[in-house]
Amino acid sequence: MRRRNAVFVGLAAGALVLVAAGFGNGGNTSGAQGKKGGTITMLSNGDVDHIDPGQAYYQFTYAITYITQRPLLAYKPNSVTPIPDLAASMPTVSANGLTVTVHIKHGIKFSPPVNREVTSADVKYAMERGFDSAVANGYASAYFGDLVGAPTTPQNKVPNISGIQTPDKYTIVFKLTKPSGVFVGALQEPLTAPVPASYARKYDKGTASSYGNWQVATGPYMIQNNAAGKITGYTPGRQIVLVRNPNWNPKTSWRPAYADKIVIKEGFDPTVGTKQILSGSADVNGDFPPPAAELKSITSNSSQKSELEFTATSGSRYVALNTRKPPFNKLLVRQAVAYVLDRNALRLTRGGPIDGKIATHFISPDFGSVGFNQAGGFNFNPFPSAGGSGDVAKAMALMKKAGYKSGKYSGPQVTQVADNSPPGSNTAAVVANSLAKIGFNVKTISVQHAAMYTRFCNVPKNEPNICPNVGWLADFHEPQTLLDPTFNGKNIIPTNNSNWPLLNDPAINKLMDKAELELNPETRYKEWGQIDDMITKTAAAIPWIWETSPTLYSTKVTHASELWNGGEPDMSFMSVK
Amino acid sequence: MGAYIVRRTLWAILLLLVVSFLTFVIFNVFPSADPAALRAGRNATPALIEQIRRNLGLDKPFYTQYWIYLKGLLEHFNLGYSYYNTESVKSEIFSRLPATISVTVGGFVAWMLIGIPVGIISAIKPRSLLDRIMMGGSLVAISAPVYFLGLVSLFLFAQGTGVLQWAGAAGSYVPITQNPGTWFNSLILAWLTLAAAFAAFYARMTRGNLIEVMHEDYIRTARAKGLRESVVITKHGLRAALTPIVTMAGMDIGLLLGGAILTEIVFNIPGIGRYAYDAIVNADLPAIQGTVLFGAFFIVFANLVVDILYAFLDPRVTYG
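Treat the numbers as computed from the prediction; the structure is a model and nothing was measured. (Residues numbered from 1 in each chain as written. Chains lettered and ligands numbered in written order. Predicted model: local features only at pLDDT ≥ 70, side-chain atom pairs only at ≥ 80, totals over all residues.)

This part is about the overall build of chain B. Helix and strand content of chain B: 14 helices and zero strands. Starting at the N terminus and ending at the C terminus, chain B contains elements arranged as α-α-α-α-α-α-α-α-α-α-α-α-α-α. Taking the principal axes of the C-alpha coordinates as reference, chain B spans close to 85 × 60 × 35 Å. For chain B, buried positions account for 42% of its 320 residues. The long-range fraction of contacts in chain B, counting pairs at least 24 apart against all pairs at least 6 apart in sequence, stands at 67%. (Helix = DSSP H or I, 4+ residues; strand = E, 2+ residues; numbered from the N terminus. Buried ≥ 20, exposed ≤ 12 C-beta atoms within 10 Å, placed from the backbone. Contact = placed C-beta atoms within 7 Å.)

On to the overall build of chain A. Helix and strand counts for chain A come out as 17 helices and 19 strands. Its C-alpha radius of gyration of 24 Å places chain A within 12% of the 25 Å reference for a compact globule of 577 residues. In terms of its C-alpha atoms, chain A occupies a principal-axis envelope of roughly 75 × 55 × 40 Å. The 577 residues of chain A split such that 60% are buried. Across chain A, the fraction of contacts at a sequence separation of at least 24, relative to all contacts at a separation of at least 6, is 73%. (Rg over C-alpha atoms; globule rule 2.2 N^0.38 Å.)

This part is about unusual backbone geometry. Cis geometry is adopted by the peptide bond preceding Pro113(A), which originates at Pro112(A) and carries an omega value of 10 degrees. Omega for the peptide link from Pro422(A) to Pro423(A) comes to 0 degrees, which places this bond in the cis form. Mapping Pro423(A) onto the fold places it in the loop between strand 16 (414–419) and helix 13 (424–436). For Ala257(A), which is not glycine, the phi dihedral falls at a positive 50 degrees. Position of Ala257(A) among the secondary structure elements: in the loop between strand 10 (239–244) and strand 11 (261–265). For Ala257(A), a count of 22 C-beta atoms within 10 Å puts it in the buried group. Notably, Phe77(B) is not glycine yet its phi reads approximately 50 degrees, a positive angle.

Here chain B averages 86 in pLDDT, while 97% of its residues score no lower than 70. At the level of chain-chain contacts, confidence expressed as ipTM amounts to 0.84, with global pTM at 0.88. (pLDDT = per-residue confidence, 0-100.)

So, about the domain arrangement of chain B. Residue and element names in this part refer to chain B. In terms of domain boundaries, chain B breaks down into domain 1 (2–76) and domain 2 (99–313). Using C-alpha coordinates to define each centre, domain 1 is positioned 33 Å away from domain 2. At the interface, 13 residues of domain 1 touch 13 residues of domain 2. Contributing elements (two or more residues each) for the side of domain 1 that touches domain 2: helix 1 (2–29) and helix 2 (35–40). The dominant element in the side of domain 1 that touches domain 2, judged by the number of residues it contributes, is helix 1, at nine residues. (Domains from an automatic or database assignment.)

This next bit is on the interface of chain A and chain B. In many analyses, interface size is given as the accessible surface area lost on bringing the parts together. Contacts between chain A and chain B engage 39 residues on the former and 39 residues on the latter. Residue contributions to the side of chain A that touches chain B peak at five residues, all from helix 7 (residues 270–279) of chain A.

Averaged over all residues, the pLDDT of chain A equals 92, while 94% of them reach at least 70. Note that pLDDT drops below 50 for residues 1–31 of chain A; the model gives that stretch 97 contacts with residues more than four away or on any other chain.

Moving on, we get to the sheet that holds strand 6 (residues 164–168) of chain A. Residue and element names in this part refer to chain A. Strand order in the open sheet formed by four strands is 4-5-7-6, and the pairing between neighbours is antiparallel. For this open sheet the edge positions go to strand 4 (92–93) and strand 6, each flanked by a neighbour on one side alone. In the packing of helix 3 (residues 120–129) onto the sheet, contacts are made with strand 6 and strand 7 (171–175), and the angle to strand 6 comes to roughly 170 degrees. (Pairing = 2+ DSSP bridges. Axes fitted to C-alpha atoms, helices over the stretch in contact; angles between N-to-C directions.)

The next subject is the nonpolar core. Val319(A), Val337(A), Ala195(B) and Ala199(B) are the most contacted members of the largest nonpolar core, which totals 245 residues. Looking at which element gives the most residues to this core, the answer is helix 8 (residues 180–213) of chain B, with 16 residues. Those residues within four positions of Ala195(B) in sequence are excluded, and the remaining contacts are Gly107(B), Ala110(B), Trp111(B) and Ile114(B). (Core = buried A, V, L, I, M, F, W, Y, C linked by C-beta atoms within 7 Å.)

All names here are of chain A. Relative to strand 10, strand 8 (residues 221–223) runs antiparallel, the two sharing three bridges. Residue pairing in the sheet places methionine 222 in a bridge with valine 243 of strand 10. By the bridge criterion, two bridges tie strand 9 (residues 234–235) to strand 10 in an arrangement that is antiparallel. Counterpart to tyrosine 234 in the pairing with strand 10 is isoleucine 240. The hairpin turn running from strand 9 into strand 10, its antiparallel successor, is three residues long, and glycine 237 in that turn takes a positive phi close to 75 degrees.

All names here are of chain A. Summarising burial for strand 14 (residues 315–321): seven of the seven residues are buried, a large majority. Side chains of strand 14 alternate between two faces, with Gly315, Arg317, Val319 and Leu321 and Ser316, Tyr318 and Ala320 buried alike. The pairing of strand 14 with strand 18 (residues 466–473) spans six bridges and is antiparallel. Looking across to strand 18, one finds that glycine 315 is bridged to leucine 473. Both strand 14 and strand 19 (residues 541–552) contribute to a ladder of four bridges, which runs antiparallel. Paired with tyrosine 318 across the bridge in strand 19 is proline 543.

Moving on, we come to helix 13 (residues 272–281) of chain B. One full turn of an α-helix is made of 3.6 residues, so residues set three or four places apart face in the same direction. Residues and elements named next belong to chain B. Burial of helix 13 is extensive: seven of the 10 residues sit out of reach of the surface. Restricting attention to buried positions, one finds in helix 13 the residues Ile272, Gly273, Arg274, Tyr275, Ala276, Asp278 and Ala279. Following helix 13 by one or two positions, alanine 283 adopts a phi angle in the positive range, close to 50 degrees.

Structure follows, in structure tokens:
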């Protein structure tokens, strides 16, 4: 999942413990009775990435998409286990893993102006349109590319995928070319939320779909629209207004949907927005965390800190070393860097211990028995140092083994491409300072965040020696979504590459390819845990923080943070007090 | 004068063409983000990115892209469509123009109402305690960044965040046609923040110009004729002292109509400045191009208006 360019600060991992201990009370995550009515106001700094649910990919966008749309599976706020939403029950998987069958609920209707009952054909169309370049869903190929008949090249129109079958109005049968351990998990993605073909097809024509501006809803809320279906409640960069979907049947849903209206106001400076929430002028933050200075103030105020919830972000930040270019094509040199890197100083660039726990491998603690424990949990740390501040002596010893007799690098300058603004620029400075201790002269090229990715780090031929500001969040709660796109050699592509270290280890690749096909969860998580350890030991990328994200609520609303979505508020569970 | 206006207009058109071309070159040559990759998302395949690149016309050489853009602009006044959300750039700019005009005009009125009188008072009583306080204050106002002043004003005076909740909160802007009272309340702090630095600068300029003018021979003549001092200052002194101020004011208004970016961001006013900022962050070339062109147009137009006005203000100035 794509991380917005925001500073995430939080407490140490064990944020869940803190929530349970009462830090951030007022939660309504169990779905306990709230008060019906009222308006919830959310503040954001930026806009959604796409208003079309078939294109949505940001955490912030999901907070809106999941309460207006009903994918086959979804999550309650305090859970990372998907449960049926549009689906009547969990999907059944055939013994050979090649057929996945889902039955959808009866009586679910689209919002006006479509109004009719949702059928299996609507889910089929929704998923197929993701392969049309006019929609260009970012994960369609990654998670649904194994469907029989799924296109392997971009399409100029909505394809008919033979592997999505609809034998009757309420049944979808997915046929796969190979078993997939994550296919069922991927059915929680908003791409599986139904879209009425006869209504949407005219908007999906051309080079860019306009369905987003005419979308209909199946969730408890809808974006305000006019009688013709044009959404009037979305002004890009300014405001999104959600009203009740008159066709939503609460008996078919576990969402309580207490509020009558939800208003998302965009364009707020994070400090100003935080103060407005604290004063009660608004109710919750969307895509920005309270800035570090404000967090410090809030956490030292006994009445304010109870309105703060911290949630793990299901991923890590790391420093990627280009394994195709000297000197980081040598294992010993990379391991020396892993030893010398001052993770504590890196964490300070994000706010310090309040930001999260120092990461020692890639699967984050919130995964628990879904790979984190199997990777060794908090005890697995192949490059330990006192306080995480780096171990120069061990680093130098490895450099000597690598052939640098003095224990320090004596080769040409190495280059890193970094963010040109804090905190990314600060992170890059710490990386350069750490490497200088073992003789590296690091040249830093500072560019805008988006350019850093799309022009340099995501393009192997342009990639520098070091990409210091990278990180990855899980698309959903499966370790494959953390490790496969980012470290599997087969996923190295000429543009939009996310395997930043360009790691192509045959043993690791083989194990990942095997684990992808594993249907037994216990075996699968054990394998991914082992893969996590193997990747970490290559030091191709060096994780340094498992971040947590703070959500600030006003005293006027109950709390409900999406554990599965990095702490974004679940506004269908929030209520006005 | 007519020939002069025609000549200046033609130069203005050429200048705008050069600006649009330079913007294109800068965006393509310097390492900005790849809009096709941004649009495609994290997991997209290279083939999909290339398809999106073709859909957006980005696969063509940049001079071909520029020609297509120019043709659309000249034939249909079409500023293109946002790579980010496919909205029409022209529609977006025009929908945001009232907010930017509101900020600019209000700010202008505020800084003129504050800056000119302060400058006059300081000029009349040079080196007095009042003069030193006013000029010292103006130095502070010039030095304090708009962003800082804006946040301080919000934390002191705005509803929701302020100690004294006198003015509208950030993000409370509504068009004047919707509710004039709320419109005014939502902009007052933005006006004063924007006006602070400008007023200070204009005060210092007015003071300096007026002090200089008041030493001229014709001022001595006016006094010798027995005119009241207030008439000497306002009718004879200010007329000459304000001429360069008018020039500056015109250019400043032109600049701000292109978008007071920092003010609009701090106070969350949905104007062209905010749109330009978001466009840069999202590598949205059509939106960047549109806002730059608009900004350039207003500056060029304002310069032309000011130069024409100059001819009326100063009889010594003639244009052939």
